[in-house]
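Fold and geometry: a report
Residue-level listing of the chains:
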Amino acid sequence: MALTDSAVIIPGTGFMYLAPAETVQPASLTAPAAPWVNLGHTSREDGLTITRDGGDSETLGTWQNSALRERRDPTTFAITAFLHQVDNTVLELYFGPGDIATAGEFGVQDASATTERALFVRIVDGANQVALYVPRVSIGADDDVEVDVENFLAFPVRATVLQVTGSNLMTFFAAGLGTP
């Protein structure tokens, strides 16, 4: 493998976008247009976390071959972010769909509900960037909301990656990826 300086990314700036579940990736990776909607301010300090759960392996053998096969448990990926804006979108992602019938109010109805969307993340490092597209995620609260007088109010949400039959689980976009 060659050393490629532009393939090393410091995630200095990032943007998160949502669209209805199974929306195709944006035509413009640098300026996603409708139906993609910018999620707004997210935490710089806590960043964005991609987690992997499962995928544990077990070696199966016979009397004749002690390491005949490897079996792996299914793997689940999730993306966690801390959302700073207090608006209908963020509250819906954290609490589930709410009552927004009255101006100036968001009524929490079922705090265990999740919301399905397509997710697009753009990470920028000067002229270099990488993007992540996930056609379907289930988004809900991930942790407690802490009110800290020295920091922005943040709603931690977790977007669990769901499979769409016949589609990639996730797709990364950057110069140098894929077939040259």
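Scroll up to find the structure this text is about.
What you see is a predicted model; the values in this text were computed from it and never measured.

1. Focus: the overall build of the chain
- Scanning the chain from N- to C-terminus turns up one helix and twelve strands.
- Counting from the amino terminus, the chain carries its helices and strands in the arrangement β-β-β-β-β-β-α-β-β-β-β-β-β.
- C-alpha extents for the chain along the principal axes are approximately 70 × 40 × 35 Å.
- In the chain, which comprises 180 residues, the proportion classed as buried is 27%.
- Sequence-distant contacts, at least 24 apart, represent 58% of the contacts inside the chain between residues at least 6 apart.
- Treating the 9 positive side-chain charges of the chain as one cloud and the 22 negative ones as another, the clouds have centres 12 Å apart.

2. Topic: the pairing of strand β6 (residues 75-83)
- In this sheet, β6 lies alongside strand β3 (residues 48-54) in antiparallel orientation, the contact comprising seven bridges. Within β6, the residue paired with Thr51 across the bridge is Ala78.
- Examined bridge by bridge, β6 and strand β11 (residues 155-161) share six bridges and lie antiparallel to one another. Counted as the bridge partner of Ile79 is Ala159 from β11.

3. Quick word on the packing of aromatic side chains
- Summed over the entire model, instances satisfying the criterion amount to five aromatic pairs.
- When the ring of Tyr94 is compared with that of Phe155, the centres are 5.6 Å apart and the planes differ by 65 degrees; the resulting orientation is edge-to-face. Taken together, the residues Tyr94 in helix α1 (residues 88-95) and Phe155 in strand β11 connect sequence positions 61 residues apart. An identical accessibility class is assigned to Tyr94 and Phe155; each is buried.
- Among the aromatic residues, those joined into a cluster by ring pairs are Tyr17, Trp36, Phe120 and Tyr133.

4. Side note on the nonpolar core
- Ile79, Leu83, Leu93, Leu119, Val134, Val137 and Ile139 are the most contacted members of the largest nonpolar core, which has 22 residues in total.
- Of all elements in the fold, only β1 (13-20), β6, α1, β9 (115-125), β10 (128-141) and β11 reach the threshold of two or more residues within this core.
- Excluding residues within four positions of it along the chain, Leu119 makes contact with Met16, Tyr17, Leu18, Trp36, Ile79, Leu132, Tyr133, Val134, Val137 and Ala159.
- Ala19, Ala118, Phe120 and Ala131 belong to the second-largest nonpolar core, a separate cluster that totals eight residues.

5. Quick look at the pattern of salt bridges
- One pass over the full model with this rule turns up five salt bridges.
- Two residues, Arg72 and Glu70, come together in a salt bridge whose shortest N-O distance is 3.2 Å.
- For Arg72, a relative accessible area of 52% translates into the label exposed.
- Overlapping salt bridges bring together Glu58, Arg71 and Asp73 as one network.

6. Quick look at α1
- Considered for burial, the residues of α1 that qualify are Val90, Leu91, Leu93 and Tyr94. For α1, the buried positions fall inside an angular range of 160 degrees around the axis, keeping them on one side.
- On its buried side, α1 packs onto β1, β6, β9, β10 and β11.
- A distance of 3.2 Å separates the backbone nitrogen of Thr89 from a side-chain oxygen at the start of α1, and that oxygen is part of Asp87.
- Positive phi shows up at Gly96, right after α1, with a value of about 95 degrees.

7. Quick word on a negative patch on the surface
- A surface patch of like charges, here negative, comprises Asp142, Asp143, Asp144, Glu146, Asp148 and Glu150.
- For Glu150, the position within the fold is in the loop between β10 and β11.
- Residue classification places Glu150 among the exposed positions, given a relative accessible area of 71%.

Cut-offs applied
Residues numbered from 1 in each chain as written. Predicted model: local features only at pLDDT ≥ 70, side-chain atom pairs only at ≥ 80, totals over all residues. Heavy atoms only, no water. Helix = DSSP H or I, 4+ residues; strand = E, 2+ residues; numbered from the N terminus. Buried < 20%, exposed > 50% of the residue type's maximum accessible area, 1.4 Å probe, protein only. Contact = heavy atoms within 4.5 Å. Lys, Arg positive; Asp, Glu negative; His and termini not counted. Charge placed at Lys NZ, Arg CZ, Asp CG, Glu CD. Pairing = 2+ DSSP bridges. Phe/Tyr/Trp six-rings, centres within 6.5 Å; stacked < 30°, edge-to-face > 60°. Core = buried A, V, L, I, M, F, W, Y, C linked by side-chain atoms within 4.5 Å. Salt bridge = Lys/Arg side-chain N within 4 Å of Asp/Glu carboxyl O. Arc of directions from axis to C-beta. Polar contact = N/O pair within 3.5 Å; in protein donor to acceptor, adjacent residues only side chain to side chain. Patch = residues over 30% accessible without salt bridge, like charges linked within 9 Å, V, L, I, M, F, W, Y side chains within 5 Å. Areas by Shrake-Rupley, 256 points an atom, 1.4 Å probe, with all protein chains shown as cover.

Remember, this is a structural readout, not a statement about activity or role.
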